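Observations on the model geometry
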Amino acid sequence: MGTIVHAAYTDGRKSALSVKKPKVVFVLGGPGSGKGTQCANIVEHFGYTHLSAGDLLRAEISSGSENGTMIQNMISEGKIVPPEVTIKLLEKAIMESANDKFLIDGFPRNEENRATFEAVTGIVPEFVLFFDCSEEEMERRILNRNQGRVDDNINTIRKRFKVFVESSLAVINYYNSKGKVRKIDADKPVAEVFEAVKAVFTPVNGGKVNFCIDMVGCCVGAIQLS
Ligand SMILES: Nc1ncnc2c1ncn2[C@@H]1O[C@H](COP(=O)(O)OP(=O)(O)OP(=O)(O)O)[C@@H](O)[C@H]1O
Ligand SMILES: Nc1ccn([C@@H]2O[C@H](COP(=O)(O)O)[C@@H](O)[C@H]2O)c(=O)n1
Ligand SMILES: [Mg+2]
């Protein structure tokens, strides 16, 4: 079945993001894999702005907006909110920021999220940072998180795992087919995970990135990109 792409703007208006053209890194991984924790480290060391789609949705609930109840119900069930709701929150946050590079944490969560975001904004991620973590470890972390989240209970955790496997992994596989996934073993302590994350964000050769284009088994040249 084809993906339904929600035009967040039915009047055909272009997203303001297609004009601002921010640099975007998607940060994906199962619930409790450490996305938020590592994003905080990346912000501190590499100057990105961290936008957690989940946090934006929770703020929308707290704001008492008309979508609040619907969002609350879906989060309580570990379900994925319609893309136009989440994309508009992301767009607002990006446009209000003076920064031009963003970590978008927990988005896209499914193919509808991904396709709609690309259709509406025209933005393709620089890469996707994927935190790969076992369900046992993720469950242990979430049950010890103590942040008072309505979805941090064993029943909803299991539903979120199911959603991740059935919907979110397909997004990671899509970007993997484009060579855009940077996979991190997230089953390790925070500091060790961040060492691996740093390597992804640290350019080689003092800021220039060398690519050797290997065609037909031979290197046809090295291109230095600043
Ligand atoms: N590498 C790690 N080792 C042990 N605990 C960790 C690690 N990374 C994060 N944690 C802890 O696990 C919990 C979940 O981490 P975090 O909130 O960053 O995950 P998340 O991927 O953002 O989860 P969610 O998708 O539910 O928001 C937090 O209490 C955090 O302190
Ligand atoms: N793109 C998204 C992201 C999140 N949600 C909903 O929020 C819940 C919490 O997300 P976290 O990343 O903070 O764990 C998630 O389980 C979804 O219910 C969403 O709908 N779409
Ligand atoms: Mg998080």
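Since the model is a prediction, treat every value here as computed from it, not as a measurement. (Residues numbered from 1 in each chain as written. Chains lettered and ligands numbered in written order. Predicted model: local features only at pLDDT ≥ 70, side-chain atom pairs only at ≥ 80, totals over all residues. Heavy atoms only, no water.)

Here the focus is the site of ligand 2. In the vicinity of ligand 2 there are 17 residues, among which R58, K79, V81, R109 and R149 approach most closely. Contact between ligand 2 and V81: an oxygen atom at 2.7 Å from a main-chain N or O atom of the residue. Here N113 contributes a side-chain N or O atom positioned 3.2 Å from a nitrogen atom of ligand 2. With the chains in place, 96% of the 460 Å² that ligand 2 exposes on its own is no longer accessible. Of all the secondary-structure elements, those providing two or more residues to the shell around ligand 2 are α3 (53-62) and α4 (68-76). Looking at the shell around ligand 2 element by element, the count peaks at four residues for α3. Looking at the shell around ligand 2, its residues break down into seven nonpolar, four polar and six charged. (Near = heavy atom within 4 Å. Polar contact = N/O pair within 3.5 Å; in protein donor to acceptor, adjacent residues only side chain to side chain. Areas by Shrake-Rupley, 256 points an atom, 1.4 Å probe, with all protein chains shown as cover. Helix = DSSP H or I, 4+ residues; strand = E, 2+ residues; numbered from the N terminus. Nonpolar A, V, L, I, M, F, W, Y, C, P; charged D, E, K, R; others polar.)

Taking the numbering used here, the UniProt-annotated feature "binding site: ATP" (unreviewed entry) corresponds to G32, S33, G34, K35, G36, T37, R145 and K188. Tracing the backbone through its elements, the reader meets G34 in the loop between β1 (23-29) and α2 (35-46). Residue position: G36 is located in helix α2. Owing to a relative accessible area of 31%, G36 belongs among the partly exposed residues under this scheme. Aside from chain neighbours lying at most four places away, what touches G36 is H50 and D105. (UniProt positions renumbered as here; feature names shortened; annotations may be inferred. Buried < 20%, exposed > 50% of the residue type's maximum accessible area, 1.4 Å probe, protein only. Contact = heavy atoms within 4.5 Å.)

A few words on the site of ligand 1. Every one of the 15 residues lining ligand 1 counts as a neighbour, but K35, T37, R145, R160 and K188 are closest to it. At 3.3 Å from an oxygen atom of ligand 1 is found a main-chain nitrogen or oxygen belonging to S33. R141 is positioned with one of its side-chain polar atoms (N or O) 3.3 Å from a nitrogen atom of ligand 1. Protein burial of ligand 1: of its 630 Å² of free accessible surface, 79% is covered by the chains. Looking at the shell around ligand 1, the element that brings in the most residues is α2, giving three residues.

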